[in-house]
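# Structure at a glance
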Amino acid sequence: MAISMIQFSYKSETVGNLVKNPEDRSVAVKNLIEKLGGKLLAFYYTYGDYDGFLIADMPDNTSTLATVMAAFSAGGTAKLKTTVLITVEEAMAAMKKASGLKLKQPKG
């Protein structure tokens, strides 16, 4: 399981095409994600630095990267940002692992 948030910004031409011919882009994204064995958990449009974001549950991070590469190479997006999401359980496991570790500080 590799859950990620992928933020996206459309190119101006893409926005123009969507205004002329409205289309539910979550369907195409869902199909792409499912081809790689994943599941689309959420798809939202937003205000701000990005036009929207999606949350995907993929089999692994390689599949997540393949999804991003396929979407970006299609040419409709201006920028993408992927953030790996960590569950509370995963974070707790990391905290337990970290509790016995010490980083030696540089000599100064």
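Residues numbered from 1 in each chain as written. Predicted model: local features only at pLDDT ≥ 70, side-chain atom pairs only at ≥ 80, totals over all residues. Heavy atoms only, no water.

### A closer look at the nonpolar core
Residues Ile-6, Phe-8, Tyr-10, Leu-18, Val-29, Ile-33, Leu-40, Phe-43, Leu-54, Ala-56, Met-58 and Val-68 constitute the largest nonpolar core, which totals 12 residues. Every element with two or more residues in this core is listed here: strand S1 (2–10), helix H2 (25–35), strand S2 (39–45) and strand S3 (52–58). When near neighbours in sequence (up to four residues on either side) are disregarded, Ala-56 contacts Ala-2, Ile-3, Ser-4, Ile-33, Lys-39 and Leu-41. (Core = buried A, V, L, I, M, F, W, Y, C linked by side-chain atoms within 4.5 Å. Buried < 20%, exposed > 50% of the residue type's maximum accessible area, 1.4 Å probe, protein only. Helix = DSSP H or I, 4+ residues; strand = E, 2+ residues; numbered from the N terminus. Contact = heavy atoms within 4.5 Å.)

### Brief notes about the confidence of the model for the protein
In the predicted model, the protein carries a mean pLDDT of 95, and 100% of its residues have values of at least 70. By mean pLDDT, the top-scoring element of the protein is S2 (98), and the lowest-scoring one is helix H3 (residues 61–73) (94). (pLDDT = per-residue confidence, 0-100.)

### Quick notes on the side chain of Thr-77
Relative to the helices and strands, Thr-77 is located in strand S4 (residues 77–85). A residue is classified by how much of its surface remains accessible, and Thr-77, at 10% relative accessible area, is buried. Look past the residues within four positions of Thr-77 in its chain and what remains in contact with it is Phe-8, Ser-9, Tyr-10, Lys-11, Ala-71 and Phe-72.

### Description of the pairing of S3
Alternating positions in S3 separate cleanly, Gly-52, Leu-54, Ala-56 and Met-58 being buried on one face and Phe-53, Ile-55 and Asp-57 remaining unburied on the opposite face. The pairing of S2 with S3 spans six bridges and is antiparallel. Within S3, the position partnered with Lys-39 by the bridge is Asp-57. Counting the residues in the hairpin turn of S2 and S3 gives six residues, including Gly-48, whose phi is positive at 110 degrees. (Pairing = 2+ DSSP bridges.)

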